[in-house]
Amino acid sequence: MNTSVFQNVMDEAVRKCLAHVQAGGLPFVGVVVDGAEVISGFGVNRVRETRDHTAHAEVVAMRDAMASRGRTELSGATLLATGEPCGLCYRFALDHGIESIHVAVDRDEAAAWGFDYRASYPAFGISDTRRAEVYHHLPTEHGLEPFARYRQTII
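Residues numbered from 1 in each chain as written. Predicted model: local features only at pLDDT ≥ 70, side-chain atom pairs only at ≥ 80, totals over all residues. Heavy atoms only, no water.

Student: Outline the nonpolar core, listing residues and values.
Tutor: By size, the foremost hydrophobic cluster in this structure holds 43 residues, and its most contacted members are Val32, Met62, Leu74, Leu80, Ile98, Ile101 and Phe115. Mapped onto this core, the elements with two or more residues apiece are α1 (3-22), β1 (29-34), α3 (57-69), β4 (78-83), α4 (87-95), β5 (100-105) and α8 (145-154). The residues touching isoleucine 101, leaving out its near neighbours within four places in the chain, are Leu79, Pro85, Tyr90, Ala93, Val134, Tyr135 and His136. (Core = buried A, V, L, I, M, F, W, Y, C linked by side-chain atoms within 4.5 Å. Buried < 20%, exposed > 50% of the residue type's maximum accessible area, 1.4 Å probe, protein only. Helix = DSSP H or I, 4+ residues; strand = E, 2+ residues; numbered from the N terminus. Contact = heavy atoms within 4.5 Å.)

What follows is the structure, encoded as structure tokens:
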């Protein structure tokens with residue numbers, strides 16, 4: 001998949017993220033692509049409504065992609081995320097064959113907006129070296145807007 005297609009999908013993910021924040025959700029959306037095809041829905045955090053503490057946006061998207069393909073792995077697929085995944089989501093992605101992870105807002109930017117989960121990486125075996133093997137920054141014009149809007153809802 002070329003970068004312009006990734007960019008279009010990421011822009012859509014940010015729009016979905018804004019809508020999710022407006023509905024009271026967290027500023028994270030994940031989506032899985034394979035080749036030139038989006039193979040998941042735009043996953044949002046479902047922890048509250050499902051009481052499943054692993055139902056983070058990225059995991060929701062990856063589970064959807066696997067279910068839609070009738071498979072238990074995503075070899076060669078790419079995860080796009082509006083905010084860089086936490087250690088749990090990185091681990092889930094790597095364990096299920098995700099080849100690369102593209103993020104609009106990196107972990108340091110997310111931390112500056114109140115979402116500091118950098119300490120979760122070692123607990124899930126995500127070293128800086130392992131992260132660097134799959135991580136790609138894919139900035140988008142409105143990438144920080146969901147975080148800013150979320151902050152406005154909690155103040």
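Right, picking up where we left off after that structure.
Student: Tell me about the layout of surface pockets, and name the residues and values.
Tutor: Estimated volume of the largest pocket: approximately 190 Å³. Of the residues assigned to the lining of the largest pocket, the class counts are 7 nonpolar, 2 polar and 2 charged. (1 Å grid on protein atoms, 1.4 Å probe; cavity = no way out; pocket = protein on both sides within 12 Å on 5 of 7 lines; lining within 4 Å. Points joined across faces, edges and corners; volume = space filled by probe spheres on them. Nonpolar A, V, L, I, M, F, W, Y, C, P; charged D, E, K, R; others polar.)

Student: Hey, could you go over α1 for me, with residue numbers and the actual values?
Tutor: Residues separated by three or four positions in an α-helix point in the same direction, a consequence of the helix having 3.6 residues per turn. Between its terminal C-alpha atoms α1 stretches 28 Å, which fits the 28 Å expected from 20 residues at 1.5 Å a residue. Inspection of α1 places Phe6, Val9, Met10, Ala13, Val14, Cys17, Leu18, His20 and Val21 among the buried residues, and these make up the whole buried set. Tucked inside the fold, the buried residues of α1 contact β1, β2 (37-38), β3 (43-44), β4, β5 and α8. Positive phi appears at glycine 24, one or two residues downstream of α1, with a value of about 100°. (Expected span 1.5 Å × (residues − 1).)

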